[in-house]
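# Topology and contacts: notes
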Amino acid sequence: MVTCIIGLISCGSIPVAFAQNSIQNQQATKTAIVDKALLDKILDKNRQSFNEGKVADYIPELGKANASSIALSVVNSDGTIVSIGDVQQRFTIQSISKIVSLMIAVLENGEQVVFNNMGYYGTDKPFNHFANLETSGKPFNPMMNAGAILTTSLIKGTGEEPFLKIRNMIRFITNNEKIDYNKSVYNSERETGNRNRGMFYLMRNNGLIDGEGEDKLNNYFKQCSIEITAEDLAKIGFFFANHCVRYDGNKQYNNPSLSQLVQSQMLIAGMYEFSGEYARTVGLPSKSGVGGGIAVSVPNKMGIGAYSPALDQHGNSVAAYRMILDLVKEKSLSLFY
Ligand code: DON
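Thresholds, definitions, all that
- Residues numbered from 1 in each chain as written.
- Predicted model: local features only at pLDDT ≥ 70, side-chain atom pairs only at ≥ 80, totals over all residues.
- Heavy atoms only, no water.
- Pairing = 2+ DSSP bridges.
- Helix = DSSP H or I, 4+ residues; strand = E, 2+ residues; numbered from the N terminus.
- Axes fitted to C-alpha atoms, helices over the stretch in contact; angles between N-to-C directions.
- Parallel < 35°, antiparallel > 145°, perpendicular 65-115°, else oblique.
- Left-handed = near helix turned anticlockwise from the far one by under 90°.
- Contact = heavy atoms within 4.5 Å.
- Phe/Tyr/Trp six-rings, centres within 6.5 Å; stacked < 30°, edge-to-face > 60°.
- Buried < 20%, exposed > 50% of the residue type's maximum accessible area, 1.4 Å probe, protein only.
- Lys NZ or Arg CZ within 6 Å of the ring centre and 35° of its normal.
- 1 Å grid on protein atoms, 1.4 Å probe; cavity = no way out; pocket = protein on both sides within 12 Å on 5 of 7 lines; lining within 4 Å.
- Points joined across faces, edges and corners; volume = space filled by probe spheres on them.
- Nonpolar A, V, L, I, M, F, W, Y, C, P; charged D, E, K, R; others polar.
- Salt bridge = Lys/Arg side-chain N within 4 Å of Asp/Glu carboxyl O.

### Some remarks on the sheet that holds strand β7 (residues 293-297)
Here five strands make up an open sheet; going across it, the order is β3-β2-β8-β7-β6 and the pairing antiparallel. Two strands bound the open sheet, and with one partner strand each, they are β3 (81-85) and β6 (286-288). Each adjacent strand pair in this sheet contributes to an overall mean axis angle of 10°, direction not counted. Alignment of β7 against strand β8 (residues 303-307), held across five bridges, turns out to be antiparallel.

Right, here's the structure in full:
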């Protein structure tokens, strides 16, 4: 039953302004702080979901992951961190690195230069599709492999310098100087990544990538091979959710326009051809990787990192998706709530 508020003309129906305030208050209370008990409940519920997915093995070294590993981490809006499950388990960041390389390429070249070379488009295509290289010559967006390889090639420097910038930025965002790439995974990617190599040479042919040799492609393989934990992913999610301010308040890269750009790409293309359905169900900027991680940004609030290596047909982690979905429902986190 609606309570009448003294002084209001309308009684029996809620005046719009008050109704909105009341919804916002409910939302604020629900999203306040995530605690360990809630994460425990969510992780337990989804622990067996890995049975419905398959660990990626098109990069042979990835196939060695323990399918039943699972972890969930949240950086709350006050910077406090809650992590459960296999929190020490390191895995490769893979495509989640693309949001960091996009950040660096835009900081160095400006948004216009980067997006003169590729589109802002979403996609109904898988992450390793050649579109749009055979027609306009330009990749759809910086989240699919072609656009990501091009983005990394736009980062200035010779040899592995562009990769080192990406690694160092991930070290900064996570405040973890130990972060580095896994050499076995890197070699495995390089030896078997002929589809990526094909895109690289097509873009060179189209005049989008200059230079000689494969250093620029190798930097992409290296960035994908960087090892992180679910907690590192939550910190990355938090960083882009909060104007590129670090979870501990460090404002060195504070840049609302940049975080807006990165989150917009995460929202429309971060989960590849599943992005539309994901926007309907989760409704938050997110980026997946074939290593089994998903990083989520809850704009102006928190970061979520989830990990489980068994993937669905789109290359997104089955259990990580389900854990994120449960957390989003419990805390009413969707942008469209
Ligand atoms: O280039 C590749 O195929 C991998 N290094 C990264 C792909 C990836 O993570 C796609 N995301 N779900």
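### Looking at the packing of helix α7 (residues 183-192) against helix α9 (residues 215-224)
Packing of α7 against α9 leaves a shortest axis separation of 8 Å and a crossing angle of 135°. Taken together, the axes of α7 and α9 lie oblique to each other. When the axes of α7 and α9 are compared, the crossing they make is right-handed. Judged by residue contacts, Y186, E189 and R190 of α7 engage N218, F221, K222 and C224 from α9.

### Digging into the packing of aromatic side chains
According to the stated counting rule, one finds 14 aromatic pairs in the structure shown. For the ring pair F115 and Y120, a centre distance of 4.0 Å and an interplane angle of 5° mean the geometry is stacked. In this structure F115 comes out as buried when scored by relative accessible area, which is 9%. Feature note: the residues Y58, F127 and Y272 constitute an aromatic cluster, connected by ring pairs. In this arrangement the basic side chain of K183 is found over the ring face of Y181, its NZ or CZ atom lying 4.6 Å from the centre. Sitting above the plane of the Y186 ring, K222 keeps its charged end 5.4 Å from the centroid.

### With respect to the layout of surface pockets
Gaps left between atoms are located by rolling a probe of water-molecule size over the structure's atoms. Empty space within the largest pocket amounts to approximately 270 Å³. E61, L62, A65, R90 and F91 are, among the 19 residues lining the largest pocket, the residues nearest its centre. When grouped by side-chain class, the residues that make up the lining of the largest pocket number nine nonpolar, six polar and four charged.

### Overview of the pattern of salt bridges
For the structure shown, the criterion picks out 18 salt bridges. Between D44 and R47 there is a salt bridge, with its nearest N and O atoms 3.4 Å apart. A salt bridge links R197 to E214, with the shortest nitrogen-to-oxygen separation between them at 3.1 Å. Here the residue R197 occupies a position in helix α8 (residues 194-205), and E214 occupies one in the loop between α8 and α9, the gap between them amounting to 17 residues.

### Quick notes on the environment of D215
On the secondary structure map, D215 appears in helix α9. For D215, a relative accessible area of 43% puts it in the partly exposed group. When the C-alpha atoms of D215 and V75 are compared, they prove to be 35 Å apart, with 140 residues separating the residues in sequence.

### A closer look at unusual backbone geometry
Going from A131 to N132, the amide bond is cis rather than trans, its omega being 5°. Of note, N132 is situated in the loop between α4 (111-116) and α5 (145-153). One non-glycine residue, Y272, adopts positive backbone phi at about 55°. Within the fold, Y272 resides in the loop between α11 (256-269) and α12 (275-281).

### A closer look at the side chain of T174
Structurally, the position occupied by T174 is in helix α6 (residues 161-174). For T174, a relative accessible area of 0% gives the class buried. Beyond its immediate sequence surroundings of up to four residues, T174 is in contact with I179, D232, K235, I236 and Y247.

### Focus: the environment of L202
By the element assignment, L202 lies in helix α8. Counting along the chain gives 165 residues from L202 to A37, while the straight-line C-alpha distance between them is 50 Å. If we skip the residues at most four places from it in the chain, L202 touches F130 and L133.

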